[in-house]
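Listed below, chain by chain, are the residues.
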Amino acid sequence: MISKRMGKALIDQINKEMYSGYLYMAMSSYSDHIGLKGFAHWFMSQYQEEMGHSSKMYHYLQEQGEHVQLLAIEKPQAVFASPLEMFEKTLEHEKFVTKSINALVDLAIKENDHATNIFLQWFVTEQVEEEAHASEIIDKLKMVGEKGNGLFMIDRMLGDRK
Ligand SMILES: [Fe+2]
Ligand SMILES: [Fe+2]
């Protein structure tokens, strides 16, 4: 069993993960709209990862006997100024999620909730990767200046994501 407060905090986190997925799906759609198929593929994979995160949390709550009462998902941004803006927004959003995961760990520690603390460790590690991936792509986009051949190359690279 987990506390009411922890349960509610994890349900909020499910919402944040779903919103992340929604945001990346919107970015995928916009990328497709402007002809960047590789970017579209990358953001769609990201969408799927976020859905995986939310269902991981959902199943954990189920196991803990929680009635998961889902919240409304906010409408994401639909149009972006540039491919770089999409990745800057991605990094900014992942930093926000990292803070949120860290706050969950703090709460688990405060409540001596060892099971939830251990459950959350996977997400702590995952956030390090997610921030690193977004930063790496931002660096590349800045390097090529988002035009012509360079952008084409990055689009191909992003299209190779498994
Ligand atoms: Fe996530
Ligand atoms: Fe994420």
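Above this text is the structure in question.
Residues numbered from 1 in each chain as written. Chains lettered and ligands numbered in written order. Predicted model: local features only at pLDDT ≥ 70, side-chain atom pairs only at ≥ 80, totals over all residues. Heavy atoms only, no water.

I'd like a description of the nonpolar core, backed by residues and values.
Counting 22 residues, the largest nonpolar core has M27, F39, F43, F87, L141 and L158 as the members making the most contacts within it. The leading source of residues in this core is helix α1 (residues 4-33), at five residues. When neighbours within four sequence positions are excluded, M27 is seen to be in contact with F43, F80, M86, K89 and T90. One finds I2, M57, V97 and F119 within the second-largest nonpolar core, a separate group that totals 19 residues. (Core = buried A, V, L, I, M, F, W, Y, C linked by side-chain atoms within 4.5 Å. Buried < 20%, exposed > 50% of the residue type's maximum accessible area, 1.4 Å probe, protein only. Helix = DSSP H or I, 4+ residues; strand = E, 2+ residues; numbered from the N terminus. Contact = heavy atoms within 4.5 Å.)

Describe the coordination of the iron ion (ligand 1), naming the residues involved and giving the relevant values.
Within the first shell, the iron ion (ligand 1) binds the protein through E17 (OE), E50 (OE) and H53 (ND1), at distances of 2.0 to 2.1 Å. Spacing between the donor residues of the iron ion (ligand 1) along their common chain follows E-x32-E-x2-H. Metal-to-metal, the separation of the iron ion (ligand 1) and the iron ion (ligand 2) is 3.2 Å; E50 coordinates the two. Of this pair, E17 sits in helix α1 while E50 sits in helix α2 (residues 37-63), placing them 33 residues apart in sequence. Comparing E17 with E50, the two get one shared label, buried. (Donors = N, O, S within 2.8 Å, 3.2 Å for Na, K, Ca; no water.)

In short, geometric facts, not functional conclusions.
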